[in-house]
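The lines below spell out each chain.
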Amino acid sequence: MEVTLEFMTQKDVNHENIFSKYARTVPDKLTLRELWNMTEGNRNAFDPYGWAASKFEWGILYILARDEEGFLSKEAVRRCYDGSLFEYCAKMQSAKDAKMG
């Protein structure tokens with residue numbers, strides 16, 4: 001889905017910033033290490049509960065939506081916020097099952 005700059009919402013801009021700043025291995029995907037660095041870079045100094053909650057939330061998203069190569073895609077992160085993550089995961093799983101069987 002191609003989004004032009006004039007129609008991007010603040011949420012879209014934040015997602016683009018996350019991936020442009022932290023996705024070093026593949027431009028539109030995050031590794032577990034890059035995800036860790038992103039949560040470290042965005043934490044508040046005096047909020048240890050927030051540190052733990054952020055790492056937990058992003059860690060669960062990584063476990064649920066990573067691909068077979070161990071990357072969390074930009075599409076999976078967007079789908080987490082728009083409510084279609086589980087459909088996306090089911091589609092990925094059925095594609096994986098079709099390859100195996």
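As a starting point, this report considers the structure included with it. (Residues numbered from 1 in each chain as written. Predicted model: local features only at pLDDT ≥ 70, side-chain atom pairs only at ≥ 80, totals over all residues. Heavy atoms only, no water.)

**A few points about helix α3 (residues 48–65)**
Here's step 1: In this model α3 runs 26 Å from its N-terminal to its C-terminal C-alpha over 18 residues, within 8% of the 26 Å that 1.5 Å per residue would give.
Here's step 2: Within the sequence span of α3, burial applies to Lys55, Trp58, Leu61, Tyr62 and Ala65. Each buried residue of α3 sits inside an arc of 130 degrees when the element is viewed along its axis, so together they form one side. Residues of α3 that are exposed and point over 90 degrees away from its buried face: Pro48, Tyr49, Phe56, Glu57 and Ile63. (Helix = DSSP H or I, 4+ residues; strand = E, 2+ residues; numbered from the N terminus. Expected span 1.5 Å × (residues − 1). Buried < 20%, exposed > 50% of the residue type's maximum accessible area, 1.4 Å probe, protein only. Arc of directions from axis to C-beta.)

**Here we look at a nonpolar patch on the surface**
Here's step 1: Together, Phe56, Ile60, Ile63, Leu64 and Phe86 line one region of the surface with nonpolar side chains, adding up to about 540 Å² of accessible area.
Here's step 2: Assessed through its relative accessible area of 57%, Phe56 is described here as exposed. (Patch = residues over 30% accessible without salt bridge, like charges linked within 9 Å, V, L, I, M, F, W, Y side chains within 5 Å. Areas by Shrake-Rupley, 256 points an atom, 1.4 Å probe, with all protein chains shown as cover. Salt bridge = Lys/Arg side-chain N within 4 Å of Asp/Glu carboxyl O.)

**What about the nonpolar core?**
Here's step 1: Counting residues in hydrophobic clusters, the biggest one holds 17 residues, and the most contacted among them are Leu30, Leu35, Trp58, Leu61, Ala65 and Leu72.
Here's step 2: Taken together, the elements giving at least two residues each to this core come down to α1 (10–22), α2 (32–41), α3, α4 (74–82) and α5 (85–100).
Here's step 3: For this core, the element with the most residues is α3, which contributes 4 residues.
Here's step 4: The contact partners of Trp58, leaving out residues within four places of it in the chain, are Ile18, Leu35, Met38, Thr39, Leu72, Val77 and Tyr81. (Core = buried A, V, L, I, M, F, W, Y, C linked by side-chain atoms within 4.5 Å. Contact = heavy atoms within 4.5 Å.)

**Overview of the state of the cysteines**
Here's step 1: One pass over the full model with this rule turns up 0 disulfides.
Here's step 2: The cysteine Cys80 is free of any disulfide, with Cys89 supplying the nearest cysteine sulfur at 9.3 Å.
Here's step 3: For Cys80, a relative accessible area of 35% translates into the label partly exposed. (Disulfide = S-S within 2.5 Å.)

**Quick word on the pattern of salt bridges**
Here's step 1: Applying the stated criterion across every chain yields a total of 6 salt bridges.
Here's step 2: The salt bridge partner of Lys55 is Glu40, with a shortest N-O separation of 2.7 Å. Pair noted here: Lys55 is in helix α3 and Glu40 is in helix α2, with a separation of 15 residues, a long-range link.
Here's step 3: Put simply, Glu16, Lys74 and Arg78 are held in one network by salt bridges that share partners.

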